[in-house]
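Below are the chains, spelled out letter by letter.
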Amino acid sequence: MTKKRIATVWLDGCSGCHMSFLDMDERLLDLAAVADLVYSPLVDAKEFPENVDVTLVEGAVSSEDDLHKIKLVRERTKILVSLGDCAVTANVPGMRNPFGTKAVYDRAYRENVTFDPGIPDQVVPPLLPTSRPIHEFVTVDVYVPGCPPSADTIYYAVSELLEGRTPDLSLKTRFGA
Ligand code: SF4
């Protein structure tokens, strides 16, 4: 049997959704039996590869780098999963939206800095005007809300997708759960 190819991507999130992914514990071995993790913060892959069957995306789209990445991921992924409330609604990253980027930069790089305050003009990717959910930029196939979604929910969703079924998450998870 040919193994499926799965990936996880970390945009503007706290990594809590990835921690929940790891909380699947020994069930990760069950998934590893039927699928290869070809890209993730958890593995040493630098470039998002072609022909990925299922990609789980944590976090909102907040920077130019996030936007570039999610478009590339969409092009190269058959089933794109919006994982967690930040991906689905912008959630915590979206809390900056009413203030504008100047206030955010000033708070992060001037007001709270004692050594060499100043807004970086390299390495740190420029912010988009607001932090937005993934589906505002690309088509999302499956939404998995929760902050974070539980390991049980993630395992169920991924297992169903790898079996070629659409997971019914209505009784499994909810926003903020
Ligand atoms: S949904 Fe919650 S756990 Fe996941 S990245 Fe956002 S804040 Fe973190």
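Residues numbered from 1 in each chain as written. Predicted model: local features only at pLDDT ≥ 70, side-chain atom pairs only at ≥ 80, totals over all residues. Heavy atoms only, no water.

**Points about the layout of surface pockets**
Rules: A pocket here means an open set of points on a 1 Å grid, computed over the protein atoms alone, that has protein on both sides within 12 Å along at least five of seven lines. A cavity is instead a set of points where a 1.4 Å probe fits but cannot get out; residues with an atom within 4 Å of a point line either one. Grid points are joined across faces, edges and corners, and a volume is the space filled by probe spheres set on the points. Counting from the N terminus, the helices are DSSP H or I runs at least four residues long and the strands are E runs at least two residues long. Classification convention: Asp, Glu, Lys, Arg as charged; Ala, Val, Leu, Ile, Met, Phe, Trp, Tyr, Cys, Pro as nonpolar; all other residues, Gly among them, as polar.
Approximately 370 Å³ is the volume found for the largest pocket. Contributing to the lining of the largest pocket are 19 residues, with Asp12, Ser62, Arg96, Val104 and Leu127 lying nearest its centre. At the level of secondary structure, the elements contributing two or more residues to the lining of the largest pocket comprise β4 (61–63), α3 (64–76) and α5 (100–111). With 5 residues, the single largest contributor to the lining of the largest pocket is α5. Its residues placed into classes, the lining of the largest pocket shows 13 nonpolar, 2 polar and 4 charged.

**A closer look at the side chain of Thr55**
As a reminder of what qualifies: Whenever two N or O atoms come within 3.5 Å, that pair is a polar contact, provided that in protein one can donate a hydrogen and the other can accept it, and provided that, for residues adjacent in sequence, both atoms are side-chain atoms. Should any heavy atoms of two residues lie within 4.5 Å, those residues are considered in contact.
Its location among the elements puts Thr55 in strand β3 (residues 52–58). One polar contact links Thr55 to Thr77, side chain to side chain, over a distance of 3.0 Å. For Thr55, the contacting residues outside a window of four places in its chain are Ala7, Val9, Phe48, Val73, Thr77, Ile79, Leu80 and Val81.

**Things to note about the nonpolar core**
It is characteristic of soluble globular proteins that their nonpolar side chains tend to be buried jointly. Our working definition: Each nonpolar core is a collection of buried residues, namely Ala, Val, Leu, Ile, Met, Phe, Trp, Tyr and Cys, held together in the definition by side-chain atoms within 4.5 Å. Buried residues are those whose accessible area, probed at 1.4 Å on protein chains only, stays under 20% of the maximum for their type, while exposed residues exceed 50% and partly exposed ones sit between those limits.
In terms of nonpolar packing, the biggest core is built from 19 residues, with Val54, Leu56, Val81, Val144, Ile154 and Leu162 touching the most fellow members. Secondary-structure elements contributing two or more residues to this core are α1 (16–22), β3, β5 (77–83), β7 (142–144) and α6 (151–162). It is α6 that provides the largest number of residues to this core, a total of 6 residues. Filtering out sequence-adjacent residues up to four positions away, Leu56 remains in contact with Ala7, Thr8, Val9, Phe21, Val81, Leu83, Ile154 and Val158. Of all hydrophobic cores here, the second largest spans 18 residues; its members include Val9, Phe48, Leu80 and Ala87.

**So, the site of the ligand**
Put simply, the rule reads: Neighbouring residues are identified by heavy atoms, a residue being near a molecule or strand if any of them is within 4 Å of it.
Taken together, the residues surrounding the ligand are Gly13, Cys14, Gly16, Cys17, Glu58, Gly84, Asp85, Cys86, Asn91, Gly146, Cys147 and Pro148. Those elements giving two or more residues to the shell around the ligand turn out to be α1 and α4 (85–89). Residue classes in the shell around the ligand are distributed as 5 nonpolar, 5 polar and 2 charged.

**Focus: the environment of Arg165**
With respect to the element layout, Arg165 can be found in the segment after α6. Take Arg165: its relative accessible area is 43%, and that puts it in the partly exposed class. Sequence-wise, Arg165 and Ser131 are 34 residues apart; in three dimensions their C-alpha atoms are separated by 31 Å.

**Digging into the pairing of β5**
Here is the rule: Only strands that DSSP links by at least two bridges are regarded as paired with each other.
The buried fraction of β5 amounts to 5 of the 7 residues, a majority that puts the element mostly inside the structure. Here β3 pairs with β5 via 6 bridges, running parallel. Among the inter-strand pairings, Glu58 is bridged to a residue of β5, identified as Leu83. Sheet topology places β5 next to β7; 3 bridges connect them, and they run parallel. Looking at the pairing, Leu83 lines up with Val144 of β7.

**Description of the pattern of salt bridges**
The cut-off we apply is this: The salt bridge definition used is simple: a Lys or Arg side-chain nitrogen within 4 Å of an Asp or Glu carboxyl oxygen.
Tallied over the entire structure, the rule returns 11 salt bridges. Across the pair Glu50 and Arg76 runs a salt bridge whose closest N-O atoms are separated by 3.7 Å. Taken together, the residues Glu50 in the loop between β2 (35–39) and β3 and Arg76 in helix α3 connect sequence positions 26 residues apart. Glu50 gets classed as partly exposed once you look at its relative accessible area, which sits at 47%. Overall, Arg76 belongs to the partly exposed group, its relative accessible area being 22%. Lys78 serves as the salt-bridge partner of Asp53, at 2.9 Å between the closest nitrogen and oxygen. You can see Asp53 sitting in strand β3 and its partner Lys78 sitting in strand β5, a full 25 residues away along the chain. Given a relative accessible area of 12%, Asp53 falls into the buried group. Taking the relative accessible area as the measure of exposure, Lys78 reaches 55% and is therefore exposed.

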